[in-house]
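Structural description and commentary
Letter by letter, the chains look like this.
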Amino acid sequence: MDGERPVADAELVRRVLAGEAAAYTALVDRHSRACLRFATRLLGNREDAEDATQEAFLRAYRALGRYEERTAFRTWLFAILVNRCRTALLQRGRRERRVQSDGRLVEHAASPAETPSAELRVELTRALAALAPEQREAFLLKHVEQLEYEEMAAITGAGVSALKMRVQRACARLRESLRDLRDE
Amino acid sequence: MSDGHDGDRLLTRPDPLESEIEALRAEVPLRPAWRALLLREIDALPVPTRERRGPRLPMPGRRTLVMTPGLALAAAVGFVLLGAAAMYVALREHTATGALAVTADQSLPRSNLAGSASVDSGASGSSATAGRAPLVTVRFMLVAPEARRVALVGDFNQWNAGAAPMRRARDGQTWTIEVGLRPGRHAYAFVVDSDVVPDPAAPSAVGEDFGVRSSVVLVSETLR
């Protein structure tokens, strides 16, 4: 921090590249919570999310010399994180994992499901885990991380139209799941 | 934020789902031990430095190329000739098969990463399950001398990295595997250690199959 204004990400990167390695700690502290949240919601469990986030920060550090300031650091970091998460999903086998993570998530969330809202939350978690990975990824970036489509496109490599379609389908699926629960 | 798209309604209209989304936005607690480990690992790495990209940086005294009409015409003719030559070579290699991505037994550059998918001329695999096209054996190859593990993933094995581990050939650099594929278009990639990479010797299929950069192989029954 300089005075009361937070130091911009780009300035922190410049400091690291100038030899002030400790400046990277500020970047880690600033972005690790969002990264962990995204990875946890996407991968479905905490351990894999921590691994993917850790790997993303390490890779970003090694590649910091190639970072270009015309891209926001968060966008650049999330692009690395998304790739790590995709690789994690591929490595464990998507179909097998979806079932497993579904079970784990529901197990974690199910204990307080005695009120209607808690029950809805369990169902939302279950429905989220059942989404196709690319839909879950787009939904989380849009509605949990609250990014603009242009930034999502830069992160995922997908086109804006494709991302809108994925988010739309994800929302429809989630609404459908919750509606079914309420109708019961 | 909304552009009228249905996917954005969640944030712009009253929606019972919105309150549930709030729960997903809650922070995941950050474990101090995890943070400490991460910072230790970062400390162990060399401090990065700005990469120098000489040609891209504005440099004093840099020469400027003035594009004259004659130069532009020469460049255009050159590009056309190059394109025609490339197309001629590509057509010669693929006319017999009618497929786009298959490069049969052509010699590959020995770079750090070079690959291909080729059809085994002799194998047609388990044929003739009633009503289904026969399997065609396709050999995938990747030159990755520094890799410790390589696997083939694609839509034909649900992108499961454990389903098709590739074998290192005797030369110590080339990884190969043969798989039976139904005729049609297949997207695939290689998992080199922990990285997913497309086949450098095949057309890419960006944005498909979960957005992973992948490659395309077209398998035809006539590919024999």
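Please read these numbers as outputs of a predicted model, since none were measured by experiment.

1. Details of the overall build of chain A
- Within chain A, the regular secondary structure consists of nine helices and zero strands.
- The order of α-helices and β-strands along chain A, N terminus first, is α-α-α-α-α-α-α-α-α.
- In chain A, the share of contacts with a sequence separation of at least 24, taken over all contacts with a separation of at least 6, comes to 62%.

2. With respect to the interface of chain A and chain B
- With 49 residues of chain A at the interface, the matching set in chain B holds 42 residues.
- With nine residues, the top contributor of residues to the side of chain A that touches chain B is helix 2 (residues 23–43) of chain A.
- A class-by-class count of the residues in the side of chain A that touches chain B yields 21 nonpolar, 14 polar and 14 charged.

3. Brief notes about the confidence of the model for chain A
- This prediction gives chain A a mean pLDDT of 83; 79% of its residues lie at or above 70.
- For the stretch residues 97–114 of chain A, pLDDT sits under 50, and the model shows 26 contacts to residues farther than four places along the chain or on other chains.

4. Quick look at helix 2 of chain A
Residue and element names in this part refer to chain A.
- Here helix 2 contains 21 residues, and its C-alpha end-to-end distance of 29 Å stays within 8% of the 30 Å for a straight helix at 1.5 Å per residue.
- At His31, helix 2 shows its maximal kink, close to 45 degrees.
- With its phi angle positive at about 90 degrees, Gly44 sits one or two positions after the end of helix 2.

5. Looking at the nonpolar core
- Formed by 83 residues in total, the largest nonpolar core has its most connected members in Ala39 and Leu81 of chain A together with Val150, Leu152, Val153 and Val191 of chain B.
- The dominant element in this core, judged by the number of residues it contributes, is helix 2 of chain A, at nine residues.
- Ignoring anything within four residues of it in the chain, the contact list for Leu152 of chain B reads Phe140, Ala164, Met166, Ile177, Val179, Tyr188 and Phe190 of chain B.

6. Side note on the pairing of strand 3 (residues 150–154) of chain B
Residue and element names in this part refer to chain B.
- Taken across its five residues, strand 3 has five buried, putting it largely inside the fold.
- Here strand 3 shows no split at all, with Val150, Leu152 and Gly154 on one side and Ala151 and Val153 on the other all buried.
- Sheet topology places strand 3 next to strand 6 (residues 184–192); five bridges connect them, and they run antiparallel. Counted as the bridge partner of Val153 is Ala189 from strand 6.

7. What about the pairing of strand 2 (residues 136–143) of chain B?
All names here are of chain B.
- Along strand 2, seven of the eight residues are buried, which leaves the element largely enclosed by surrounding structure.
- Bridge count between strand 2 and strand 5 (residues 174–181): eight bridges; the pairing is antiparallel. Paired with Met141 across the two strands is Thr176, which belongs to strand 5.

8. A closer look at helix 8 (residues 149–156) of chain A
Residues and elements named next belong to chain A.
- Every buried residue of helix 8 is accounted for by Tyr149, Met152, Ile155 and Thr156. Buried positions in helix 8, seen along its axis, are confined to an arc of 115 degrees and lie on one side of it.
- Looking one or two places after helix 8, you find Gly157, whose phi comes out positive at around 85 degrees.

9. Observations regarding the confidence of the model for chain B
All names here are of chain B.
- When pLDDT is averaged across chain B, the result is 69; 58% of the residues are at 70 or more.
- When pLDDT is averaged over each helix and strand of chain B, the minimum, 50, is found for helix 1 (residues 9–12) and the maximum, 94, for helix 3 (residues 32–43).
- Taken together, the stretch residues 54–65 has pLDDT below 50 and engages in zero contacts with residues farther than four places along the chain or on a different chain.
- When the criterion is pLDDT under 50, residues 93–112 qualifies, and its contacts beyond four places in sequence or with other chains add up to 43 contacts.
- Under the prediction, the complex receives an ipTM of 0.81, its pTM being 0.54.

What counts, and where the lines are drawn
- Residues numbered from 1 in each chain as written.
- Chains lettered and ligands numbered in written order.
- Predicted model: local features only at pLDDT ≥ 70, side-chain atom pairs only at ≥ 80, totals over all residues.
- Helix = DSSP H or I, 4+ residues; strand = E, 2+ residues; numbered from the N terminus.
- Contact = placed C-beta atoms within 7 Å.
- Nonpolar A, V, L, I, M, F, W, Y, C, P; charged D, E, K, R; others polar.
- pLDDT = per-residue confidence, 0-100.
- Expected span 1.5 Å × (residues − 1).
- Bend = angle between axes of the 7 residues up to and from the residue.
- Core = buried A, V, L, I, M, F, W, Y, C linked by C-beta atoms within 7 Å.
- Buried ≥ 20, exposed ≤ 12 C-beta atoms within 10 Å, placed from the backbone.
- Pairing = 2+ DSSP bridges.
- Arc of directions from axis to C-beta.

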